[in-house]
Amino acid sequence: MRIFQHVADIGDLNAALKEAQEVKRDRFQWQHLGKNKTALLIFFNNSLRTRLSTQKAAMNLGMNVIVLDVNQGAWKLETERGVVMDGDKSEHLLEAIPVMASYCDIIGVRSFARFESRKDDYEEAILQQFIKYSGKPVFFMESATVHPLQAFADLITIEEHKPIARPKVVLTWAPHPKALPQAVPNSFAEWMRAADVEFVVTHPEGYDLDPQFVGDARVEYDQMRAFEGADFIYAKNWSCPGVTRPDDYGKVLDDYHTMMDWTVSSRQMAVTNNAAFMHCLPVRRNMIVTDDVIEAPTSLVIPEAANREISAQVVLKRMLEAL
Ligand code: CP
């Protein structure tokens, strides 16, 4: 594997899930693969889980790891070609990428949506430059439009906890005070459509996800109806994807105070099939989900986060095997 961005990059999902369980049984059995190999993890944005789990996964494989917080200690990077660099940015990405690549074997990049241009975000302007100019395998650690390490960990978690062979999985929008990217719901939708689950998406009108990710999945604007009989509830906020309202891309469409009936609580959970609750974290309690739901025995947020180490290790292992 040279690029990890979409569900198709992982190939056969059943084989990937089987490999995840093999990693779980003994995560240190491939240390020879990473000997004298270096993973460079580049963060343009904050992280807790991605940073720690990916670093741990690389160490499990015997790799050396370098973590770079671009905004703390590195030169401020210009990302646009053609600009006169007379501002506060001292280095251009076009030099920085090949320099960074010269110190490593595999690169992971986190670079969120900027909400300045839907076109730039959805064309993955930053990550595509890493792919083009690094000459190294690149994996997405949450980009403008996707978070595949999270979606893979989510799928592993669903596989481990599903009460029936083909569970009903509901992705629900929930309120948030700030505009958040669509990367997590995009990838979750993409991976659930590829998995053997009954998948339903619920959100207020205007938050319709990009068709390249949501495809022909059932979209239900009535949250209670969507929750009926669900086995898994996956909550997440996202800002307007600009599909049905192009001028509102990246915006919060309504004052969140008026949307609090979308917060996942015992009221909605009561109509599910005793559903497990999932969220990628970090989560704002009593905005996205009430205390009682996230603290219930049916909450999977901690095992879900723990599976981030496993999804990252499968991806890194496959990249090492292909070097
Ligand atoms: N879920 C997730 O990616 O968490 P972090 O933003 O803390 O890495």
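This is a predicted model, so every value here is computed, not measured.

Within the protein chain, the regular secondary structure consists of 13 helices and 12 strands. A compact globule built from 323 residues would reach a C-alpha radius of gyration of about 20 Å, and the protein chain, at 20 Å, matches this within 12%. Each principal axis of the C-alpha atoms in the protein chain carries an extent, and together these give about 55 × 50 × 35 Å. Sequence separation of 24 or more characterises 78% of the internal contacts of the protein chain that already satisfy a separation of 6 or more. Roughly 13800 Å² of accessible area belongs to the protein chain as shown, and the carbon and sulfur atoms make up 49% of that amount. On the protein chain, the mean spot of the 35 positive side-chain charges and the mean spot of the 44 negative ones are 5 Å from each other.

A separate point is the side chain of serine 53. Relative to the helices and strands, serine 53 is located in helix α3 (residues 49–60). Engagement of the side chain of serine 53 in a polar contact is seen with the backbone oxygen of arginine 49, the distance being 2.6 Å. Apart from residues lying up to four places away in sequence, serine 53 is in contact with Arg308, Glu309 and Ala312.

The buried count for strand β11 (residues 232–236) comes to 5 of 5 residues, which makes it a mostly enclosed element. Taking every second residue as pointing to the same face, both faces of β11 are buried, with Phe232, Tyr234 and Lys236 on one and Ile233 and Ala235 on the other. Sheet analysis places strand β8 (residues 168–173) next to β11, joined by 5 bridges and oriented parallel. Bridge pairing in β11 places leucine 171 opposite tyrosine 234. Judged from the 3 bridges that link them, β11 and strand β12 (residues 276–278) form a sheet pairing that is parallel. Bridge pairing in β12 places tyrosine 234 opposite methionine 278.

So, about the domain arrangement of the protein chain. Domain assignment breaks the protein chain into domain 1 (3–146 + 305–322) and domain 2 (148–304). The distance between the C-alpha centroids of domain 1 and domain 2 comes to 25 Å. The interface is formed by 36 residues belonging to domain 1 together with 38 residues belonging to domain 2. In total, about 2900 Å² of surface goes out of reach between domain 1 and domain 2, with carbon and sulfur atoms giving 64% of it. Broken down residue by residue, the surface that domain 1 buries against domain 2 is led by Phe115, Arg118 and Tyr122, which jointly contribute 22%. At the boundary of domain 1 and domain 2, one finds 2 salt bridges. The salt bridge partner of lysine 24 is glutamate 160, with a shortest N-O separation of 2.6 Å.

The next thing to look at is the environment of methionine 224. By secondary structure assignment, the location of methionine 224 is in helix α10 (residues 223–227). Using a relative accessible area of 27% as the deciding quantity, one classes methionine 224 as partly exposed. Taking C-alpha positions, methionine 224 is 9.1 Å from threonine 202, a pair spaced 22 residues apart along the chain. Once you skip the residues sitting within four places of it in the chain, methionine 224 turns out to touch Arg267, Gln268 and Val271.

Procedures and definitions
Residues numbered from 1 in each chain as written. Predicted model: local features only at pLDDT ≥ 70, side-chain atom pairs only at ≥ 80, totals over all residues. Heavy atoms only, no water. Helix = DSSP H or I, 4+ residues; strand = E, 2+ residues; numbered from the N terminus. Rg over C-alpha atoms; globule rule 2.2 N^0.38 Å. Contact = heavy atoms within 4.5 Å. Areas by Shrake-Rupley, 256 points an atom, 1.4 Å probe, with all protein chains shown as cover. Lys, Arg positive; Asp, Glu negative; His and termini not counted. Charge placed at Lys NZ, Arg CZ, Asp CG, Glu CD. Polar contact = N/O pair within 3.5 Å; in protein donor to acceptor, adjacent residues only side chain to side chain. Buried < 20%, exposed > 50% of the residue type's maximum accessible area, 1.4 Å probe, protein only. Pairing = 2+ DSSP bridges. Domains from an automatic or database assignment. Buried area = accessible area lost by both parts, 1.4 Å probe. Salt bridge = Lys/Arg side-chain N within 4 Å of Asp/Glu carboxyl O.

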